[in-house]
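# Per-entry structural report
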Amino acid sequence: MRRNWFQRLLLSYLPVFLAVAAALILLSVFSAGELAKKEAVRANRVFAEHVLQLVDQTMRTVDRQLIKEIQTNEKLANFYNSRESERTALDLYETSGKLREIIVNTPFIDSIYLVRASDRTVLSPNLMAGIEQFGDREFIREAQNGTGGNRWTDARSYREFDDQGQPVTVVSQVRKVPLLGGEKGIVVVNVRASTIASAIKEMTESDVSFVRLLDGDRRTLASSQGEGAAVLTTVTSEYTGWTVESGLQGTRSAFAGFSYTSLWSLLHMGLVAAGAVWIVLVTRRNYRPIRSILDRIDAYASQRNSAFAGSRGLPDQDEFRFIEKALDDLVERTISYRKLHEEDLIFRKRNFFLELLEGGSPMTDERFQAEMRRFGMPDRTAGLAMAVVEIDKYAELRSRYSQRDQYLLKFALSSVIAEIAQQSGLPAWMEWTSNRELSVLLHLPPGAEDTEAASRMFENVKQWTNQHLSFTVTVGLGTLALRLDELPGSHAEALEALKYKSALGTNRIIDVTSIRAKTQGEVYKHLQLMRSIAQRFRAGEAGWEAEMNRLFAELKEGMFSADDASAVLHSLIYHLQREMTELPPEFGQLWNDGTLPELHRAMEQSDTLDEWRESFTAILTASARRMEAMRTARTNHTVMLRMKDCIHEQYANPNLSLTFLGGELNVSPKYLSQMFKEEFGVNFLDYVSELRIREAKRLLTESEETVQDIGARVGYPSVRSFLRVFKKATGVTPGEFRKK
């Protein structure tokens with residue numbers, strides 16, 4: 001065999017390595033340059049924002065000082081408030097001195113003057129004159145006409161005297177006196193543009209970057225720009241409306257911080273050379289076993305060369321091809337056999353697990369241990385316990401993830417349970433017995449008298465799931481099984497415990513022994529409360545939401561299982577449905593097309609009473625608002641509201657009737673009855689009876705009054721009538737209701 005396979009292997013890897021190395025070097029150069037550019041732009045923007053913040057802060061300080069003086073300075077106030085006859089030269093001198101003091105105390109202020117509207121007089125630290133004799137009269141006219149606003153002006157020329165000579169460039173702030181009205185005059189404060197430029201220059205002197213401050217008309221207030229400067233950042237102030245532009249000086253670029261020197265070149269070349277040498281050495285070392293195999297094949301092929309070549313028609317058979325075919329055949333056979341074996345083992349393992357849970361045929365210890373050894377599971381050494389791990393809000397999980405992702409999440413959960421159980425010394429065997437439930441068989445340690453160790457282990461599982469997965473789990477835990485025939489009972493207990501997560505909540509471990517220690521609620525105990533909720537909701541009365549919260553609180557306190565709680569809530573939906581049929585057709589359509597399907601959907605997608613309560617409250621609140629809007633749109637809605645208010649005020653009146661209300665509202669009693677039925681879906685007499693009985697229940701519960709007195713207070717002076725109506729509405733007499 002004459003081929004040099006070492007060179008073939010070497011030439012297979014080395015060109016790829018050199019190409020990849022060259023590409024990485026180029027990418028590093030370009031990436032470093034791009035990174036340098038981005039860092040330069042970012043740093044430049046921070047610099048520009050800092051400059052703008054300094055300018056804004058300075059101008060705000062001047063503005064706040066001006067406002068403070070207007071509000072608190074008595075000298076300035078006297079200038080505007082006193083009559084001309086009351087003003088003395090001393091007053092004017094003190095006011096002028098106060099202006100000079102303001103300029104001294106606020107270094108940025110270049111000049112300040114007061115303008116009094118009553119006699120059009122201007123007072124500055126240097127003079128007092130009429131507006132027409134003042135050098136800045138054009139600006140004063142614009143400010144008095146309201147064109148100046150309360151913002152700082154753009155750059156403008158200012159002179160105090162007509163013969164002053166060269167004017168100065170300033171920016172100005174005008175404030176009215178008083179601040180909200182302005183009828184007394186104005187105060188004008190000026191800041192030189194050169195002062196602002198000096199302040200900016202003190203903090204921005206650099207031969208690398210420049211900064212330029214522009215006013216609203218794009219005129220330059222300050223600039224440190226050199227020749228050929230490039231603007232990288234533009235920032236505009238919301239306070240002054242001025243703009244700061246910043247960039248790099250002269251011919252500098254964003255790549256100035258990066259230089260690909262000869263040192264970097266040598267370093268890269270050295271690394272590439274070292275990598276090439278390493279590949280040669282590793283290839284030579286790894287080639288030795290291949291060389292040995294090839295020598296053996298070469299010796300074998302030389303013995304059978306003539307027959308082999310004659311049968312195949314090939315003068316020089318490829319040794320690697322020969323090895324490849326032999327190995328492919330061997331691997332294919334091995335994989336096929338292993339796959340069949342694993343599939344059969346998985347099938348048998350699952351069937352045996354289900355057989356243990358069903359308990360259909362007797363299970364001996366010998367068979368159990370033999371099967372466990374076959375499946376690679378630990379032999380039974382002590383007590384066993386069954387648990388069921390249920391995924392919370394499984395409907396939401398199915399809507400969020402594809403089928404493949406659901407399998408991955410379930411696999412992760414089962415793998416973690418197995419690992420944590422092994423670490424806790426509780427070997428576990430588990431199978432998915434439904435889409436959302438994982439049944440777990442735990443081997444408890446010797447001497448265990450309860451399932452406390454299993455509870456601690458599942459607490460760790462719950463914590464890990466909360467931290468790493470997008471869903472939570474609730475674990476139902478059965479009692480200790482000392483014999484194999486007790487396993488089906490332990491599994492049934494775990495399933496029973498899970499039924500109470502609707503009352504206890506999700507994301508917890510529920511031990512069946514703790515459930516049995518508590519008193520369970522009665523399913524149909526809350527019939528009257530459900531009727532009251534439905535009646536209040538139908539009539540659009542306040543209070544139905546509070547009663548519904550009370551219903552859910554009692555279900556939770558009564559430890560209702562998921563089946564029992566579901567039965568109660570379906571009964572509530574039934575009562576709501578029956579009451580809604582009493583309303584006009586448009587209300588029934590709103591209920592049947594929107595509210596009712598949403599309630600049934602909430603029943604399917606929620607797991608706990610808290611989730612059901614939140615869903616029911618949101619759905620019914622939205623429906624109540626739509627119904628109220630429909631009632632408001634009806635022409636007789638106002639009359640019905642007045643009638644309803646009158647009923648609530650007069651319900652204790654024994655003479656309350658449609659005739660009485662017709663006289664109060666000046667409407668025909670027959671028409672009132674018809675409108676009330678259409679508006680609230682209940683007859684007038686039934687509504688009054690409901691209201692009276694509701695108040696009677698409250699008095700029976702909260703007071704010690706006699707039944708006769710309570711009947712009279714709610715509109716039944718005859719105790720016999722009160723007893724008859726109360727029992728018809730509640731099923732019990734007032735005395736029996738008070739005892740309960």
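Everything here concerns the structure above.
Here's a quick rundown of the structure. Position numbers for residues start from 1 in each chain and track the written sequence from start to end. Totals for whole chains, interfaces and linings use all residues, but because this is a predicted model, local features are given only for residues with pLDDT of at least 70 and pairs of side-chain atoms are given and counted only at 80 or more. Excluding hydrogens and water, the side-chain figures rest on all heavy atoms present in the structure.

### What about the overall build of the protein chain?
For helices the rule is a DSSP run of H or I covering at least 4 residues; for strands it is a run of E covering at least 2, with both sets numbered from the N terminus onward. Across its full length, the protein chain holds 27 helices and 15 strands. Only protein chains enter the area calculation, which uses a 1.4 Å probe; residues under 20% of their type maximum are buried, those over 50% are exposed, and those in between are partly exposed. The buried share among the 740 residues of the protein chain stands at 41%. Contacts between residues were defined by any pair of non-hydrogen atoms, one from each residue, lying within 4.5 Å. Of all intrachain contacts in the protein chain linking residues separated by at least 6 positions in sequence, the fraction that spans at least 24 positions is 65%. Carbon and sulfur atoms form 52% of the exposed surface of the protein chain, whose accessible area is close to 40900 Å². Per-residue accessibility takes into account occlusion by the displayed protein chains alone, with areas from the Shrake-Rupley method and a 1.4 Å probe.

### Comments concerning the packing of helix 16 (residues 527-539) against helix 18 (residues 562-580)
Each pair of packed helices can be described by the angle between their axes along with the distance between the axes. Where helix 16 meets helix 18, the axes come as close as 9 Å, and the angle between the chain directions of the two elements is 40°. On the basis of their axis angle, the class for helix 16 and helix 18 is oblique. Crossing angle aside, the handedness with which helix 16 passes helix 18 is right-handed. When helix 16 is examined against helix 18, the residues Leu527, Met530, Arg531, Ile533, Ala534, Gln535, Phe537 and Arg538 are found in contact with a partner set consisting of Val568, Ser571, Leu572, His575, Leu576, Arg578, Glu579 and Met580. Interaxial angle, 0 to 180 degrees, is taken between N-to-C directions of lines fitted to C-alpha atoms, where a helix line uses only the stretch in contact. For classification purposes, angles smaller than 35 degrees are called roughly parallel, those larger than 145 roughly antiparallel, those between 65 and 115 roughly perpendicular, and all remaining angles oblique. Note on convention: the crossing is left-handed when the near helix lies turned anticlockwise from the far helix by less than a right angle, right-handed when the turn is clockwise.

### Concerning the nonpolar core
Met59, Trp152, Leu213 and Trp242 are the most contacted members of the largest nonpolar core, which totals 36 residues. Ranked by residues supplied to this core, first place goes to helix 1 (residues 5-72) with nine residues. The nonpolar core is taken to be a set of buried Ala, Val, Leu, Ile, Met, Phe, Trp, Tyr and Cys residues, with the residues joined through side-chain atoms within 4.5 Å.

### Focus: the pairing of strand 10 (residues 243-248)
By the criterion of burial, strand 10 is predominantly enclosed, with six of the six residues buried. The pairing criterion for strands is at least two bridges between them, as found by DSSP. Looking at chain direction, strand 9 (residues 230-236) and strand 10 are connected through six bridges and run antiparallel. By the bridge assignment, Ala230 is partnered in strand 10 with Leu248. The turn joining strand 9 and strand 10, which pair antiparallel and follow one another in sequence, is formed by six residues; a positive phi near 80° is taken by Gly241.

### What to know about a nonpolar patch on the surface
Without a salt bridge and with relative accessible area above 30%, a residue can belong to a patch; like charges are then joined within 9 Å and nonpolar side chains (Val, Leu, Ile, Met, Phe, Trp, Tyr) within 5 Å. By salt bridge we mean one thing: a side-chain nitrogen of Lys or Arg within 4 Å of a carboxyl oxygen of Asp or Glu. Together, Val16, Val20, Leu24 and Leu27 make up a nonpolar patch on the protein surface, roughly 370 Å² of accessible area in all. Within the element layout of this structure, Leu24 appears in helix 1.

### Some details on the sheet that holds strand 8 (residues 220-223)
An order of 8-7-10-9 is seen for the four strands of this open sheet, with the pairing classed as antiparallel. The outermost strands of the open sheet, each flanked by one partner alone, are strand 8 and strand 9. Each strand axis lies, on average, 20° off the axis of its neighbour in the sheet, ignoring direction. Where strand 7 (residues 209-214) and strand 8 come together, three bridges link them in antiparallel fashion. The residue bridging Leu213 from the neighbouring strand is Ala222, located in strand 8.

### Some points on the packing of helix 18 against helix 19 (residues 585-605)
Where helix 18 meets helix 19, the axes come as close as 11 Å, and the angle between the chain directions of the two elements is 175°. On the basis of the axis angle, helix 18 is roughly antiparallel to helix 19. Facing helix 18, whose interface residues are Ser566, Leu569, His570, Ile573, Leu576, Gln577 and Met580, helix 19 presents Phe587, Trp591, Asn592, Leu596, Leu599, His600 and Met603. Charged means Asp, Glu, Lys or Arg here, nonpolar means Ala, Val, Leu, Ile, Met, Phe, Trp, Tyr, Cys or Pro, and polar covers whatever is left, Gly included. Across the contact of helix 18 with helix 19, the residue classes tally to nine nonpolar, five polar and no charged.

### Quick notes on the pattern of salt bridges
Per the stated rule, a full pass over the model turns up 22 salt bridges. As a salt-bridge pair, Arg219 and Asp215 come within 3.3 Å of each other at their nearest N and O atoms. A single network of salt bridges, built from pairs that share partners, joins Arg120, Glu132, Glu138 and Arg141.

### Section: the sheet that holds strand 4 (residues 156-158)
A sheet is described by the order of its strands in space; here six strands give the open sequence 3-2-1-6-5-4, paired in antiparallel fashion. Only two strands of the sheet have a single partner each, and these edge strands are strand 3 (128-130) and strand 4. Ignoring which end each strand starts from, the neighbouring axes of this sheet average 35° apart. The strands touched by helix 2 (residues 74-81) are strand 1 (111-116), strand 2 (121-123), strand 5 (168-177) and strand 6 (185-192); relative to strand 1, the strand with the most contacts, the crossing angle is about 35°. With respect to the sheet, helix 3 (residues 89-105) is in contact with strand 1, strand 2 and strand 3, its orientation differing from that of strand 1 by roughly 145°.

### Some thoughts on the packing of aromatic side chains
Centres within 6.5 Å are what make two rings of Phe, Tyr or Trp a pair, Trp counting through its six-membered ring; a difference in plane orientation under 30 degrees is then read as stacked, over 60 as edge-to-face, and the rest as tilted. If you walk through the whole model with that rule in mind, you get nine aromatic pairs. Note on Phe552 and Phe616: the rings are 6.1 Å apart at their centroids and 80° apart in plane angle, and the pair reads as edge-to-face. One end of the pair, Phe552, is in helix 17 (residues 544-557); the other, Phe616, is in helix 20 (residues 609-633), with 64 residues separating them in the sequence. Since its relative accessible area comes to 0%, Phe616 is described here as buried. An aromatic cluster is present here, built from Tyr716, Phe722, Phe726 and Phe737 joined pairwise through their rings. By definition, being over a ring means that NZ of Lys or CZ of Arg is both within 6 Å of the ring centre and within 35 degrees of the ring normal. A cation sits over an aromatic face here: Arg156 above Phe139, 3.6 Å from the ring centre.

Treat this as a map of the structure, not an account of what it does.
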